[in-house]
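Each chain, letter by letter, is given below.
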Amino acid sequence: MNMIELKQVSRRYGAVQALAPLDFSVKQGEFVTLLGPSGSGKTTLLNLIAGMVRPSSGRIFVRGTDITDAPPNSRGLGMVFQNYALMPHMTVFDNIAFPLRVRKLPKDEIRRKVKDVLDLVRLPDIAQRKPKELSGGQQQRVSLARCIVYNPALILLDEPLGALDKKLREQMQFEIRRLHAELGITMLNVTHDQDEALSMSDRIVLMNDGRVEQIATPDELYRAPRTAFAASFIGTANLIAGTVHDNTGEHALVSTPLGMLRAAMPSQVARGAAVKLLVRPESVRMMATPANSDLTFDTAIADGRRHAGTLVDSITLGSVVRHHVRLPGDMQIVVQQQGSRRPATHARGAPVVIDWAPEDCQMILQD
Ligand SMILES: Nc1ncnc2c1ncn2[C@@H]1O[C@H](COP(=O)(O)OP(=O)(O)O)[C@@H](O)[C@H]1O
Ligand SMILES: [Mg+2]
């Protein structure tokens, strides 16, 4: 069953189309992330679902019921923001008890529920503290606890980890995933951080300029991006512009500044179509140029299966090394290799040769 369903929902602010008409749904128990750059419409979409913003068009359903005109507090949704939004003069206990008191639960039950939820977010001993006596990470856990405590069907999270440092952010990502798995609550999360989206989500809604670029699993989004924007936003993308020259063989032949390249054949592409070719850095192999003339090497370069270039720079990133290789026509290709030690042959400025398998060269049909 769909927990949320949006049908042709849009929002306009004067001349600004914050959100173009969009169809989208979240299944019960799913963890879905809205991912995109600042200003792409993520918060607008979340606020439409929460009822803080009215749509310019379209209908919104929660568990099949049309709630487009329902006030926010009747929607049974919880919300967690980046700036915690805890009440500063109240203790942690009172902050978490607040939504239960509003619902007029008996005192004993409130005490038990607050204790249970503080155990659940792993903060058993801080009930009597004020928010300012807590670290950022602890405050964010309290915000989550306050949301979870009344057992909403759906939790909306708007960049909840944005203010935390990297290590704490990763820890909280793990905690939120754990809570999601333990409680089975449907979660819709907003972030501009691709790593967070990739590591937490069942599905990602990639947004750009008020439109949905692609809705897919993290794996699918990385392996089969549909647009050049999606390819570049997730991970690092080497994109080579070209024109389809031949679409009849096992591989497509694409005319590019690097010569005629072979690429995996998508289901339908016309001859003469302008496309981009995507090669991920980890799919590129880099070799030293042989000291003496080598027929195999020379032939491969002559027919466009290998490319001679110059090593511009190598950067070690923990367990991998990233090389930047300049090819003729001032094109730069990023190469990623396993292993933190740089081969001695790969000095800056060294001549190198790179190649990749045609299967790892993907055709992208849209910008
Ligand atoms: N209340 C508002 N009034 C006018 N424009 C707004 C308002 N809220 C958002 N916008 C505009 O809508 C677009 C999307 O904003 P938003 O949903 O906040 O993006 P995101 O959360 O992805 O950063 C932006 O161009 C923003 O300036
Ligand atoms: Mg936002």
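Calculation rules
- Residues numbered from 1 in each chain as written.
- Chains lettered and ligands numbered in written order.
- Predicted model: local features only at pLDDT ≥ 70, side-chain atom pairs only at ≥ 80, totals over all residues.
- Heavy atoms only, no water.
- Helix = DSSP H or I, 4+ residues; strand = E, 2+ residues; numbered from the N terminus.
- Buried < 20%, exposed > 50% of the residue type's maximum accessible area, 1.4 Å probe, protein only.
- Contact = heavy atoms within 4.5 Å.
- Areas by Shrake-Rupley, 256 points an atom, 1.4 Å probe, with all protein chains shown as cover.
- Lys, Arg positive; Asp, Glu negative; His and termini not counted.
- Charge placed at Lys NZ, Arg CZ, Asp CG, Glu CD.
- Domains from an automatic or database assignment.
- Buried area = accessible area lost by both parts, 1.4 Å probe.
- Salt bridge = Lys/Arg side-chain N within 4 Å of Asp/Glu carboxyl O.
- Nonpolar A, V, L, I, M, F, W, Y, C, P; charged D, E, K, R; others polar.
- Axes fitted to C-alpha atoms, helices over the stretch in contact; angles between N-to-C directions.
- Parallel < 35°, antiparallel > 145°, perpendicular 65-115°, else oblique.
- Left-handed = near helix turned anticlockwise from the far one by under 90°.
- Pairing = 2+ DSSP bridges.
- Patch = residues over 30% accessible without salt bridge, like charges linked within 9 Å, V, L, I, M, F, W, Y side chains within 5 Å.
- Polar contact = N/O pair within 3.5 Å; in protein donor to acceptor, adjacent residues only side chain to side chain.
- Right-handed = clockwise from strand over helix to strand, strands pointing away.
- Near = heavy atom within 4 Å.

**Describing the overall build of the chain**
Scanning the chain from N- to C-terminus turns up nine helices and 20 strands. Per-residue burial over the chain gives 48% buried out of 367 residues. Long-range contacts, defined here as pairs at least 24 residues apart, represent 64% of the contacts in the chain between residues at least 6 apart. Total accessible area on the chain is roughly 17,700 Å²; 51% of this is exposed by carbon and sulfur atoms. Averaging the positions of the 44 positive and the 38 negative side-chain charges in the chain gives two centres separated by 6 Å.

**Re the domain arrangement of the chain**
Split into domains, the chain comes out as domain 1 (2-230) and domain 2 (236-364). The straight-line distance from the C-alpha centre of domain 1 to that of domain 2 is 41 Å. Domain 1 puts eight residues into the contact, and the matching count from domain 2 is seven residues. Among the residues of domain 1 in contact with domain 2, Tyr222, Pro225 and Ala228 are the three that bury the most area, contributing 76% of the side total. At the junction of domain 1 with domain 2, the criterion picks out zero salt bridges. Considering every element that reaches the side of domain 1 that touches domain 2, the biggest residue donor is helix 7 (residues 218-223), with three residues. Residue composition of the side of domain 1 that touches domain 2, grouped by class: five nonpolar, one polar and two charged.

**Examining the packing of helix 2 (residues 92-102) against helix 3 (residues 107-120)**
Orientation of helix 2 relative to helix 3, taken along the N-to-C sense of each, is 125°, at an axis distance of 10 Å. One finds that helix 2 runs oblique with respect to helix 3. Crossing of helix 2 against helix 3: the hand is right-handed. Contacts between helix 2 and helix 3 involve Val92, Phe93, Ile96, Ala97, Leu100 and Arg101 on the former and, on the latter, Ile110, Arg111, Lys113, Val114, Val117 and Leu118. Within the contact of helix 2 with helix 3, the residues separate by chemical class into nine nonpolar, no polar and three charged.

**Considering the sheet that holds strand 1 (residues 2-13)**
Reading across the sheet, the four strands line up as 2-1-4-5 and stay open at both edges, with antiparallel pairing between neighbours. Single-partner strands in this sheet number two, and they are strand 2 (16-27) and strand 5 (65-66). Across two bridges, strand 4 (residues 57-62) lies against strand 5 in antiparallel orientation. Across the sheet, residue Phe61 finds its bridge partner in strand 5, namely Asp66.

**A look at the side chain of Glu196**
For Glu196, the position within the fold is in helix 6 (residues 194-200). Arg169 provides the closest opposite charge to the buried, unpaired Glu196, separated from it by 4.7 Å. Excluding anything up to four places from it in sequence, Glu196 contacts Leu161, Arg169, Gln173, Asn189 and Thr191.

**Quick notes on a negative patch on the surface**
Taken together, the side chains of Glu250, Glu282, Glu359 and Asp360 define an acidic patch exposed on the protein surface. Positionally, Asp360 belongs in the loop between strand 19 (351-355) and strand 20 (362-364). Overall, the relative accessible area of 35% leaves Asp360 in the partly exposed class.

**Examining the environment of Arg271**
The residue Arg271 is located in the loop between strand 13 (259-263) and strand 14 (274-279) in this model. Taking C-alpha positions, Arg271 is 13 Å from Met363, a pair spaced 92 residues apart along the chain. Those residues within four positions of Arg271 in sequence are excluded, and the remaining contacts are Val244, His245, Asp246 and Asn247. In terms of polar contacts, Arg271 uses its side chain to reach the backbone carbonyl oxygen of His245, at 2.9 Å.

**Quick notes on the sheet that holds strand 10 (residues 211-216)**
With mixed pairing, six strands are arranged side by side in an open sheet as 6-7-8-3-9-10. The sheet terminates laterally at strand 6 (77-81) and strand 10, the two strands that pair on one side only. When the angles between neighbouring strand axes are averaged without regard to direction, this sheet yields 15°. Both strand 7 (residues 154-158) and strand 8 (residues 186-191) contribute to a ladder of five bridges, which runs parallel. When the bridges of strand 8 are listed, Leu156 appears paired with Leu188.

**With respect to the pairing of strand 7**
Most of strand 7 is tucked away, with five of its five residues classed as buried. By the alternation rule, side chains of strand 7 split into Leu154, Leu156 and Asp158 and Ile155 and Leu157, which are all buried. Bridging between strand 6 and strand 7 involves five bridges; their strand directions are parallel. Residue pairing in the sheet places Gly78 in a bridge with Ile155 of strand 7. As a crossover connection, the stretch from strand 7 through helix 5 (residues 166-183) into strand 8 is right-handed.

**Looking at the site of ligand 1**
Residues in contact with ligand 1, as listed here, are Tyr13, Val16, Ala18, Pro37, Ser38, Gly39, Ser40, Gly41, Lys42, Thr43 and Thr44. Within the side chain of Lys42, an N or O atom sits 2.8 Å from an oxygen atom of ligand 1. In this structure, an oxygen atom belonging to ligand 1 sits 2.5 Å away from a side-chain N or O atom of Thr44. Among the secondary structure elements, those contributing two or more residues to the shell around ligand 1 are strand 2 and helix 1 (42-50). For the shell around ligand 1, the leading source of residues is helix 1, giving three residues. Taken together, the residues of the shell around ligand 1 sort by class into four nonpolar, six polar and one charged.

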